[in-house]
Amino acid sequence: MTTPELILAAEADAESAYAVDSDLRLTYTNSAWEAFARANGGEEVLERWVPGALVTEAFQGPLRSFFTNTFRRVIETNERFEHEYDCGSAVLYRRLRMVAYPLAGGGVLVCNARVVESARGEAGYAALEEVYGARGYITQCGHCRRVSNPTEPARWDWVPAYVSEPRTNISHSLCPPCVEVYYPEGG
């Protein structure tokens with residue numbers, strides 16, 4: 001497909017998509033990307049990630065390296081790249097497939113499609129919310145959205161309230177299992 005055909009297909013798709021130029025600056029988002037952001041409490045995402053924004057600044061640590069290396073590889077090799085990842089909400093488990101397509105002129109079109117979506121159980125989460133409270137910074141995995149337990153930092157727990165109602169005191173990182181499974185080589 002040519003670049004205009006890819007963009008038209010992304011606009012017509014019900015799944016989210018965005019494009020970056022050869023400098024990895026955001027150049028395009030489809031209406032599904034915007035709808036997904038709104039449906040998941042991402043109004044600030046829509047304000048911050050506008051055309052011209054350096055998309056890799058949305059990621060920290062190994063994720064920044066992974067996306068920078070992946071997008072550069074797609075641009076340099078002119079070959080598409082696929083990767084599956086988790087992107088859940090407080091009530092839904094989601095597994096998505098990202099496909100990065102090379103664009104004429106050195107950009108990348110990134111399409112994210114749902115592979116699996118199912119409801120999460122709620123039992124036992126209220127007690128975890130009490131453990132975390134609202135004190136200090138909470139470290140949340142930017143991939144699976146679990147949070148590092150403040151009394152046992154090696155343990156990462158699922159706390160739905162921190163996904164459904166994001167806190168301002170959350171810092172993002174990656175939990176060790178996500179690094180090991182999804183990003184073993186850092187991109």
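Located above this text is the structure these notes cover.
First, a word on what this report is: a plain description of the structure on this page. (Residues numbered from 1 in each chain as written. Predicted model: local features only at pLDDT ≥ 70, side-chain atom pairs only at ≥ 80, totals over all residues. Heavy atoms only, no water.)

Bringing the pattern of salt bridges into the picture now. Counted under the stated rule, the structure contains seven salt bridges. For the salt bridge of Arg114 with Glu15, the shortest nitrogen-to-oxygen distance reads 3.3 Å. Taken together, the residues span a long stretch of sequence, with Arg114 in strand S5 (residues 108–119) and Glu15 in the loop between helix H1 (3–12) and strand S1 (17–20) at a distance of 99 residues. Residues Glu82 and Arg97 are paired through a salt bridge, measuring 3.7 Å at the closest nitrogen-oxygen approach. With Glu82 in strand S3 (residues 81–86) and Arg97 in strand S4 (residues 92–102), this pair connects stretches of sequence that are 15 residues apart. Judged by relative accessible area, which is 39%, Glu82 ranks as partly exposed. Taken together, the shared-partner salt bridges connect Arg80, Glu82, Glu84, Asp86, Arg95 and Arg97 into one network. (Salt bridge = Lys/Arg side-chain N within 4 Å of Asp/Glu carboxyl O. Helix = DSSP H or I, 4+ residues; strand = E, 2+ residues; numbered from the N terminus. Buried < 20%, exposed > 50% of the residue type's maximum accessible area, 1.4 Å probe, protein only.)

Once that is clear, we can look at the packing of aromatic side chains. In this description, a pair of aromatic rings is defined by centroid distance and the angle of the planes. For the structure shown, the criterion picks out four aromatic pairs. Relative to Phe67, the ring of Phe66 has its centre 5.2 Å away and its plane inclined at 85°; by these criteria the two rings are edge-to-face. Each member of the pair, Phe66 together with Phe67, is buried. Put simply, the rings of Phe59, Phe66, Phe67, Phe71 and Phe81 touch in pairs and so form one group of aromatic residues. (Phe/Tyr/Trp six-rings, centres within 6.5 Å; stacked < 30°, edge-to-face > 60°.)

Attention shifts here to unusual backbone geometry. Of note, Leu24 is a non-glycine position whose phi angle comes to about 65°, a positive value. Relative to the elements of secondary structure, Leu24 occurs in the loop between S1 and strand S2 (26–29). The phi dihedral of Arg145 is positive, around 75°, even though this residue is not glycine. Mapping Arg145 onto the fold places it in the loop between strand S6 (138–141) and strand S7 (147–148).

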